[in-house]
Amino acid sequence: MSGDTTQEVQLQLERAQALVALGRSEEAVSMLHQLIASEPEIAPAWCLLAQAQGGVGDAQAALAAAERATALAPENDWPHRLRSAALQQLGDLDGAIAAAREAVAADPDNWRTHRRLAICMIVAKRDAGDALQAAERAVALAPNEPSAHHTLGAAHEMRGNHDEADRCFRQALALDPQYSPAHDALAHRQLAASGFGRAGNLAAAATGFRDAVRADPRADDSATNVERVLQVFIARLSYLIFLIVWLGSRIRGDTLGARIAPLLLLAVPAAFAVRFLSRLAPDLRKQTAYVAFHGKLAASSIAQTVAVALLILGAVAPGEGRSIGLGLAVLSSLCARLLLPRRRSLLSRIRRARA
Amino acid sequence: MGSEHLLASLRAAVDAAPDDVELRLHLAELLAEAGQRQEAVREAAQVLVRDPQNEKALRLVSGDHEKVERSVEQDEVELTAVPERDDDDVLRSLDAQLSDIAPPMFADGPVIVDKDAWDIEAPTLRLADVGGMQEVKARLEAAYLAPLRNPELRELYGMSLHGGLLLYGPPGCGKTFIARALAGELDAHFLPVAGADVLDMWVGQSERNLHEIFEAARRNRPCVVFLDELDALGLKRSQQRNTGARGTINQLLYEMDGVEGDNEGVFVFGATNHPWDVDVALQRPGRFDRTVLVLPPDAPARDAILRYHLRNRPIANIDTGKLVEQTEGYSGADLAHICNTAAERALLDSARSGTARMIEMPDLEAALSEVQSSIGPWLQTAKNVAQYGNEDGRYDELLAYLRKRRVA
């Protein structure tokens, strides 16, 4: 290549790199195909092509490009890492781990190679000790890199060291408050800690997923998870209301105590709701109301609101009105429950967005 | 030999001081005398780039140099023997000789004011030329044009025109067209900085490039600097790892603040599909603090776009009203694609049958079933932002649109 050609190739590579950094993978693919057509022996061009193909979701093409780059520059760690990532995307986890090990062998002082190896092992859910060791090595080599801390957190989580995992995720956020995967991971930790009555943890999980979306608007899984956490809250609240309405309807007698008791019982779901909502930012509170009264939960929420109103009316109504009111309240609340998606299925559908 | 030495030293001096017009002109004259006509013309052209009215350089380039130099000795007979060239001849000759060095002196199409660095277009469009989009026009009027046209009211209500205007919305929905029309409303030149130019700022000397853009705008004021794909230029800090974007953003802020140059009459518009990726520093007051959402074309706009793309094609019995109804949520680019697909279908059919036929409704309906709205992925990200990244209410309008379309 002449000096001018070298310079032009360099410029094209930098442009392609900028496109990849901007997430404009399709444009990068097109530009790199043109470059490779005229200069087919340039390993970085194949590496960038593999990266860009991964960006457009074509793992097979990414693997082919990474293999070509590996053939051209087997001594370099980058092609091996890209091959590992592509194999992981294709579900060949053994191959991904082997390629990651080759990357480590090619450049043992590069934190990215150790992180890649750790990620493969975490995804494969095997060799937890080795994964932890690789992640620790990555952090030792790049202590200011949030993604390394995040991977270490995931490795700790795999071994059941939840406190350590939390500490690593928080460290990643301390280094970059906009690091979305760490927000997402912490939200999952909060969700795991949110038992039935733990409205605070549930609110923290919703806030964490929301922060993950805010940091990276393309984090679709986190966005879906915010909505699902809000649905879980609504489902739990609905269950509590059903329980209270049913208990309230069982209270007999015409004494003042018997009339006030159903109203006092309503304090339980009210406290749960207040605890949850008070821990949310105003925009999430608004979103909760929107989720409750629009879309698939709307019918259930309306039925449950009617049930509460009927319970109150029934409690204060004289004579026959009381039993009719309380009976209708139970019926309405039961309908609300039946209209809701199952809480367990909601929780199981909350997906984990991986780095 | 001596003259070669002199020329060499003069060349070195010109390289050291490229903007010294007199020095360069002297070099050009010596080169012409030495018979190195081509190089002399090149140097004279460089003089003209810096001083377009320089008469000596004009003569050198037009080939009249020898006559000027010899004029003292020449008798009247020889002078009259050469037909005099009028000014137009000189200019045409210049145009031809300098086409690859200096900017053209006249252009038949849109006026190119600053061809050497950036294409600057004269105002030709008005907002009235934009079909439909009444809501966008109303927002532009409120956010930008009304304060601009009413300086007294602007002062009374304490509104400033300092800062830029950011147009955002899904891809292919006419942000650039609207920016051009807005420049027309301001009677301002239009200096578009396209996505590819923006990208080159990552790999080239971005600070200098940006400075040159703003200098060109200042020379041609009133002028709108239109930065397309602003997200590429002002990528969020958190996404800037391993990139050289920081310097570019700082330079843009520096130019927008007018620290070095006077920005009176320079309007800065930006456009982006992803306002959420634009660095917050660029969205602070005084920068791109006014945003206008440009949504997919409304019904009148879709009608205008469809008619535009079908206007020079053989069509028959096209019910644009029906097409307009069926293309809610399609971008302008999608509508163009539908028209092209329908034309391809008719063409293929004609080629098969050997008889040319018109493009008809079935062609467009078939195209419509093939071409889906391209803004789906954008809507998903926009939904995430409008629902969970809207704490200051800046995406309220977007959220209302998404809810109306039942996306959020």
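So, how was this worked out
Once a new chain begins, its residue numbering starts again from 1 and follows that chain's sequence as written. Each chain gets a letter, beginning with A, and each ligand a number, beginning with 1, in the order they are written. At least 70 in pLDDT is required for a residue's local features to be given in this predicted model, at least 80 for side-chain atom pairs to be given and counted, and no such filter applies to totals for whole chains, interfaces and linings, which use all residues. Side-chain numbers come from the whole structure's heavy atoms, not from hydrogens or water. Working definition: helices are DSSP H or I runs of at least four residues, strands are E runs of at least two. Numbering for both runs from the N terminus. For the exposure calls, accessible area comes from a 1.4 Å probe over protein chains only, and a residue counts as buried if that area is under 20% of its type's maximum, exposed if over 50%, partly exposed in between. Contacts were defined at the residue level, with two residues in contact if any of their heavy atoms lie within 4.5 Å. With residues, only the protein chains shown are counted as cover, and all accessible areas are computed by Shrake-Rupley using a 1.4 Å probe. To get the radius of gyration, use the C-alpha atoms; to get the globule rule, take the number of residues to the power 0.38 and multiply by 2.2 Å. None of His or the chain ends enter the tally, which takes Lys and Arg as positive and Asp and Glu as negative. Where a charge lies is defined by one atom per residue type: Lys uses NZ, Arg uses CZ, Asp uses CG and Glu uses CD. Accessible surface is computed with a 1.4 Å probe, and the buried area is the amount of it that two parts give up when combined, taken over both parts together. Each salt bridge in this description consists of a side-chain nitrogen of Lys or Arg and a carboxyl oxygen of Asp or Glu lying within 4 Å of one another. Polar contact criterion, stated in full: a pair of N or O atoms within 3.5 Å, where within protein one must be able to donate a hydrogen and the other to accept it, and residues adjacent in sequence count only if both atoms are side-chain atoms. Amino acids outside the nonpolar list (Ala, Val, Leu, Ile, Met, Phe, Trp, Tyr, Cys, Pro) and the charged list (Asp, Glu, Lys, Arg) are all regarded as polar, and Gly is one of them. These domain boundaries are the output of an automatic or database domain assignment. Whether two strands pair comes down to DSSP finding at least two bridges between them. Helix axes use the C-alpha atoms of the stretch in contact, all axes being lines fitted to C-alpha atoms, and the angles between their N-to-C directions lie in the range 0 to 180 degrees. Here, nonpolar core means buried Ala, Val, Leu, Ile, Met, Phe, Trp, Tyr and Cys residues that are tied together by side-chain atoms lying within 4.5 Å of each other. Two rings belonging to Phe, Tyr or Trp (six-membered ring only in the last case) form a pair when the distance between their centres is within 6.5 Å. Interplanar angles under 30 degrees mark stacking, angles over 60 mark edge-to-face geometry, and anything in between is tilted.

A.B. asks: Kindly report on the overall build of chain B, identifying the contributing residues and their values.
C.D. replies: For chain B, the helix and strand inventory stands at 20 helices and five strands. Sorting the 408 residues of chain B into buried and exposed places 46% on the buried side. Taking all contacts inside chain B whose residues are at least 6 apart in sequence as the whole, residues at least 24 apart take part in 72%. Total accessible area on chain B is roughly 20200 Å²; 51% of this is exposed by carbon and sulfur atoms.

A.B. asks: I'd love a proper account of the overall build of chain A, names of residues and values included.
C.D. replies: Looking only at helices and strands, chain A has 19 helices and zero strands in total. At 27 Å, chain A has a C-alpha radius of gyration far larger than the 20 Å of a compact globule built from 355 residues. Oriented by its inertia axes, the alpha-carbon framework of chain A measures out at about 100 × 40 × 30 Å. Across the 355 residues in chain A, those meeting the buried criterion constitute 52%. Residue pairs at least 24 apart in sequence account for 61% of intrachain contacts in chain A once pairs closer than 6 positions are excluded. On chain A, roughly 16000 Å² of surface is accessible, and the fraction owed to carbon and sulfur atoms is 56%. Here chain A contributes 39 positive and 34 negative side-chain charges, whose respective centroids are spaced 15 Å apart.

A.B. asks: So what's going on with the interface of chain A and chain B? Which residues, and what values?
C.D. replies: Contacts between the two partners involve 29 residues from chain A and, on the opposite side, 27 residues from chain B. On the chain A side of the interface with chain B, the three residues burying the most area are Leu22(A), Pro217(A) and Arg218(A), jointly 23% of the side's total. Along the contact surface separating chain A from chain B lie three salt bridges. For Asp277(B), the salt bridge identified is with Arg218(A), shortest N-O distance 2.5 Å. Along the contact surface separating chain A from chain B lie seven residue pairs in polar contact (both at pLDDT 80 or more). The dominant element in the side of chain A that touches chain B, judged by the number of residues it contributes, is helix α1 (residues 3-21) of chain A, at six residues. Classifying every residue of the side of chain A that touches chain B gives 15 nonpolar, two polar and twelve charged.

A.B. asks: Please give an account of the domain arrangement of chain B that cites residues and values.
C.D. replies: Residue and element names in this part refer to chain B. Domain assignment breaks chain B into domain 1 (3-97), domain 2 (127-293) and domain 3 (299-370). Between domain 2 and domain 3, the residue contacts involve six residues of the former and six residues of the latter. Of the roughly 320 Å² buried at the junction of domain 2 and domain 3 (both faces included), carbon and sulfur atoms supply 73%. The interface formed by domain 2 and domain 3 contains zero salt bridges. Here the residues of the side of domain 2 that touches domain 3 are counted per class, giving three nonpolar, three polar and no charged.

A.B. asks: Quick rundown of the environment of Met158(A)? Include the residues and the values.
C.D. replies: All names here are of chain A. With respect to the helices and strands, the residue Met158 is situated in helix α9 (residues 146-158). It is 9.8 Å that separates the C-alpha atoms of Met158 and Asp127, two residues lying 31 residues apart in sequence. The contacts of Met158, once residues within four sequence positions are left out, are Met121, Ile122, Lys125, Arg126, Ala128 and Ala131.

A.B. asks: I'd like a rundown of the domain arrangement of chain A, residues and numbers included.
C.D. replies: Residues and elements named next belong to chain A. Domain parsing of chain A yields domain 1 (1-106), domain 2 (109-176) and domain 3 (178-355). Just the C-alpha atoms count here: the centres of domain 2 and domain 3 sit 36 Å apart. Taken together, the contact pairs 15 residues of domain 2 with twelve residues of domain 3. Taking both partners together, domain 2 and domain 3 bury about 1200 Å²; carbon and sulfur atoms supply 59% of that area. The three residues of domain 2 that bury the most area against domain 3 are His150, Leu173 and Asp176, which together make up 39% of that side's buried surface. Viewed at the interface, domain 3 and domain 2 are joined by one salt bridge. Linking Arg189 and Asp166 is a salt bridge whose minimum nitrogen-to-oxygen distance equals 2.9 Å. Connecting domain 2 to domain 3 are five residue pairs in polar contact (both at pLDDT 80 or more). Mapped by element, the contributors of at least two residues to the side of domain 2 that touches domain 3 are α7 (111-124), α9 and α10 (162-175).

A.B. asks: Can you break down the sheet that holds strand β2 (residues 189-193) of chain B residue by residue, with the values?
C.D. replies: Residue and element names in this part refer to chain B. Spatially, five strands are ordered β2-β3-β4-β1-β5 in an open sheet, and the strand pairing comes out parallel. Looking at which strands have only one partner, the edges of the open sheet turn out to be β2 and β5 (290-293). Strand after strand, the sheet turns through a mean of 20 degrees between neighbouring axes, direction not considered. Pairing analysis gives four bridges linking strand β1 (residues 165-168) to β5, with the strands arranged parallel. Bridge pairing links Leu167 to Val292 in β5. Where helix α10 (residues 175-185) meets the sheet, its contacts fall on β1, β2, β3 (223-227) and β4 (266-272), and the angle it forms with β2 comes to roughly 155 degrees.

A.B. asks: Hey, could you go over the nonpolar core for me, with residue numbers and the actual values?
C.D. replies: Residue and element names in this part refer to chain A. The biggest cluster of nonpolar side chains holds 38 residues, and the ones touching the most others in it are Phe233 and Phe276. Top element by residues in this core is helix α13 (residues 220-250). It accounts for 13 residues. If sequence neighbours within four positions are ignored, Phe276 has contacts with Ala199, Leu202, Ala203, Leu230, Phe233 and Thr288. Within the second largest apolar cluster, 29 residues are counted, among which are Ala118, Ala124, Ala138 and Ala155.

A.B. asks: I'd love a proper account of the packing of aromatic side chains, names of residues and values included.
C.D. replies: Both the distance between ring centres and the angle between the ring planes are used here to describe each pair of aromatic rings. Residue and element names in this part refer to chain B. Inspection of every chain in the model, using the stated rule, returns eight aromatic pairs over all chains. An angle of 25 degrees between the planes, with centres 5.5 Å apart, marks the rings of Phe190 and Phe226 as stacked. Note that Phe190 is positioned in strand β2 and Phe226 in strand β3, a separation of 36 residues in sequence. Each member of the pair, Phe190 as well as Phe226, carries the same accessibility label: buried. Plain terms: the ring middles of Trp276 and Tyr395 are 6.2 Å apart, the flat faces sit at 65 degrees to each other, and that makes the pair edge-to-face. Remark: Tyr395 occurs in the loop between α19 (376-388) and α20 (396-404) and Trp276 occurs in the loop between β4 and β5; sequence separation between them is 119 residues. Of the two residues examined, Trp276 and Tyr395, each falls in the buried class. The structure contains a cluster of three or more aromatic residues connected by ring pairs, namely Tyr168, Trp276, Trp378 and Tyr395.

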